Amino acid sequence: MAEITASLVKELREKTGAGMMDCKKALNETQGDLEGAVDWLRKKGLAAAAKKSGRVAAEGLVAVATAGTKGAVVEVNAETDFVARNDKFQGFAAKCAELALVTGGDVEALKAAAYPGTSHTAQDELTSLIATVGENMNLRRAVTLSVSAGVVVSYVHSAIAPGLGKIGVLVALESTGDAGKLADLGKQIAMHIAAARPDALDIADVDSSSLERERSVLAEQARASGKPENIIEKMVEGRVRKYYEEVCLLEQTYVIDGETKLRKVVENAAKDIGAPVKVTGFTRFALGEGIEKAQSDFAAEVAAAAGGQG
């Protein structure tokens, strides 16, 4: 009988998509024979999830959870929007957001965490859900935010259930002021983030490569006007300032009043809250962002391959 090692269990899980405990049982039943264990799982219907793992999952839910000074947001994908209305799927997404408050933003740690009320992991629970519902699913990503004093506030746009929807936002506010008023401010800022889609918190946080690319594009556009270089430089700097106003949260115009910069909104609110307020971070998850591109690229590859035949 072959020794049933952790690596053997892992290999079987990768081959079949079955849960860890099921893989251990299969290997015990087949005296460590890997291929025999694959067949055992298939006969039991426990390897069904593996057949679905190649299908693109770009639907699903974004889930948020908060606990005072900490918040978490996760994305769980499925193949169809119909599954997002499944009670079991919604329950799984909600529990994963709560688990992430403990495990942090490492999605692999989240997958390996003990799933509440069971003796198995979150990934095992997902594998079981895949077999039950009949669609490929994926616990795709997770982010957590925390503050030492203040609040982390969440917002879900067009929520289909509490804390569940297609766009989820977290915003972290550092302050020793009135917690209730601070939370109200955080909710308003989170709603702004959902609508305005900032990329960075402040100018200092803008990705340097993105900024240089933007400068290069702006400079070429300005040169096309035939202006001298000293004028071009001023034109570029003016457009860069405009770029900051588009991508930096604190430089954006507040969508709720349409005229005040977010930075000023926070400063003004501090007077009512009773202490200085600092936005220390935010995150915005939109369901499926980045997945659609992979789908279209794949479709283009198939079309190109088909066009090259014959």
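Residues numbered from 1 in each chain as written. Predicted model: local features only at pLDDT ≥ 70, side-chain atom pairs only at ≥ 80, totals over all residues. Heavy atoms only, no water.

Per an unreviewed UniProt entry, the protein goes by the name Elongation factor Ts and belongs to Azospirillum palustre. Turning to the protein, the UniProt annotation filed under Subcellular location (unreviewed entry) states: "Cytoplasm". According to UniProt, the comment filed for the protein under the heading Function (unreviewed entry) is "Associates with the EF-Tu.GDP complex and induces the exchange of GDP to GTP. It remains bound to the aminoacyl-tRNA.EF-Tu.GTP complex up to the GTP hydrolysis stage on the ribosome." (UniProt positions renumbered as here; feature names shortened; annotations may be inferred.)

1. Observations regarding the overall build of the protein
When helices and strands are counted, the protein shows 12 helices and seven strands. Relative to its full complement of 310 residues, the protein shows a buried share of 43%. Once local pairs closer than 6 in sequence are excluded, the contacts in the protein between residues at least 24 apart make up 64%. Accessible surface computed for the protein: about 15900 Å², of which carbon and sulfur atoms make up 51%. (Helix = DSSP H or I, 4+ residues; strand = E, 2+ residues; numbered from the N terminus. Buried < 20%, exposed > 50% of the residue type's maximum accessible area, 1.4 Å probe, protein only. Contact = heavy atoms within 4.5 Å. Areas by Shrake-Rupley, 256 points an atom, 1.4 Å probe, with all protein chains shown as cover.)

2. A look at the nonpolar core
Counting 30 residues, the largest nonpolar core has Val 74, Val 76, Phe 89, Phe 92, Leu 110, Met 137 and Leu 139 as its most contacted members. If you list the elements that add at least two residues to this core, you get β1 (59–67), β2 (70–78), α5 (87–103), α6 (107–112), α7 (122–133) and β3 (138–146). If one sorts the elements of this core by residue count, α5 sits on top with eight residues. Judged by nonpolar contacts, the second largest core, of 27 residues, contains Ile 167, Leu 182, Ala 194 and Ile 273. (Core = buried A, V, L, I, M, F, W, Y, C linked by side-chain atoms within 4.5 Å.)

3. Regarding the pattern of salt bridges
Pairing is possible between side chains of opposite charge, provided their charged atoms come close. In this structure the tally under the stated criterion is 13 salt bridges. Here Arg 85 makes a salt bridge to Asp 81, at a shortest N to O gap of 2.9 Å. Of the charged contacts, one joins Lys 261 and Glu 251 as a salt bridge, the two residues approaching to 3.0 Å between their closest N and O atoms. A residue pair is termed long-range when its members are at least 10 positions apart, and Lys 261 in the loop between α10 (229–247) and α11 (262–273) and Glu 251 in the loop between α10 and α11 qualify at 10 residues. Each of Glu 75, Arg 140, Arg 141 and Glu 289 takes part in one network of salt bridges that share partners. (Salt bridge = Lys/Arg side-chain N within 4 Å of Asp/Glu carboxyl O.)

4. Quick look at unusual backbone geometry
Even without being a glycine, Gln 31 presents a positive backbone phi close to 55°. What makes Gln 31 partly exposed here is its relative accessible area of 45%. In this structure, Ser 158 is a non-glycine residue whose phi angle is positive, near 50°. You can see Ser 158 is positioned in the loop between β4 (150–157) and β5 (164–165).

5. Notes on the packing of aromatic side chains
Following the criterion strictly, the structure yields two aromatic pairs and no others. Ring geometry for Phe 92 and Tyr 115: centres 5.7 Å apart, planes at 25°, overall stacked. On the criterion of sequence distance, the pair formed by Phe 92 in helix α5 and Tyr 115 in the loop between α6 and α7 is long-range, its members being 23 residues apart. There is no split in this pair, since Phe 92 and Tyr 115 are both buried. Both rings, one in Tyr 243 and one in Tyr 244, keep their centres 6.4 Å apart while their planes meet at 45°; by these two values the pair is tilted. We note that Tyr 243, like Tyr 244, is buried. Above the face of the Phe 285 ring, Arg 141 is positioned so that its terminal group lies 3.8 Å from the ring centre. (Phe/Tyr/Trp six-rings, centres within 6.5 Å; stacked < 30°, edge-to-face > 60°. Lys NZ or Arg CZ within 6 Å of the ring centre and 35° of its normal.)

6. A closer look at the sheet that holds strand β6 (residues 167–174)
Spatially, three strands are ordered β4-β6-β7 in an open sheet, and the strand pairing comes out antiparallel. Of all strands in the sheet, those bounded by a partner on one side alone are β4 and β7 (278–286). Each neighbouring strand pair of the sheet contributes to a mean axis angle of 10°, computed without reference to strand direction. Two strands pair when backbone bridges link them, and β4 and β6 are joined in this way by eight bridges, in the antiparallel orientation. Along β6, the bridge assignment pairs Val 152 with Ala 172. (Pairing = 2+ DSSP bridges. Axes fitted to C-alpha atoms, helices over the stretch in contact; angles between N-to-C directions.)

7. Quick word on the sheet that holds β1
Taken together, the four strands give an open sheet; going across it, the order is β3-β2-β1-β5, and neighbouring strands pair in antiparallel fashion. Among the strands making up the open sheet, the edge pair consists of β3 and β5. As paired strands, β1 and β2 are joined by nine bridges and run antiparallel to one another. Bridging across to β2, Glu 59 finds its partner in Ala 78. Docked against the sheet, α5 engages β1, β2, β3 and β5, running at close to 145° with respect to β2.

8. Section: the packing of helix α8 (residues 179–196) against α11
It is at 10 Å that the axes of α8 and α11 come closest, and there the two elements cross at 165°. Considering their axes alone, α8 and α11 lie roughly antiparallel with respect to each other. Relative to α11, α8 is oriented so that their crossing is right-handed. Contacts between α8 and α11 involve Lys 181, Leu 182, Leu 185, Ile 189 and His 192 on the former and, on the latter, Leu 262, Val 265, Val 266, Ala 269, Asp 272 and Ile 273. Grouping the constituent residues of the contact of α8 with α11 by class yields eight nonpolar, one polar and two charged. (Parallel < 35°, antiparallel > 145°, perpendicular 65-115°, else oblique. Left-handed = near helix turned anticlockwise from the far one by under 90°. Nonpolar A, V, L, I, M, F, W, Y, C, P; charged D, E, K, R; others polar.)

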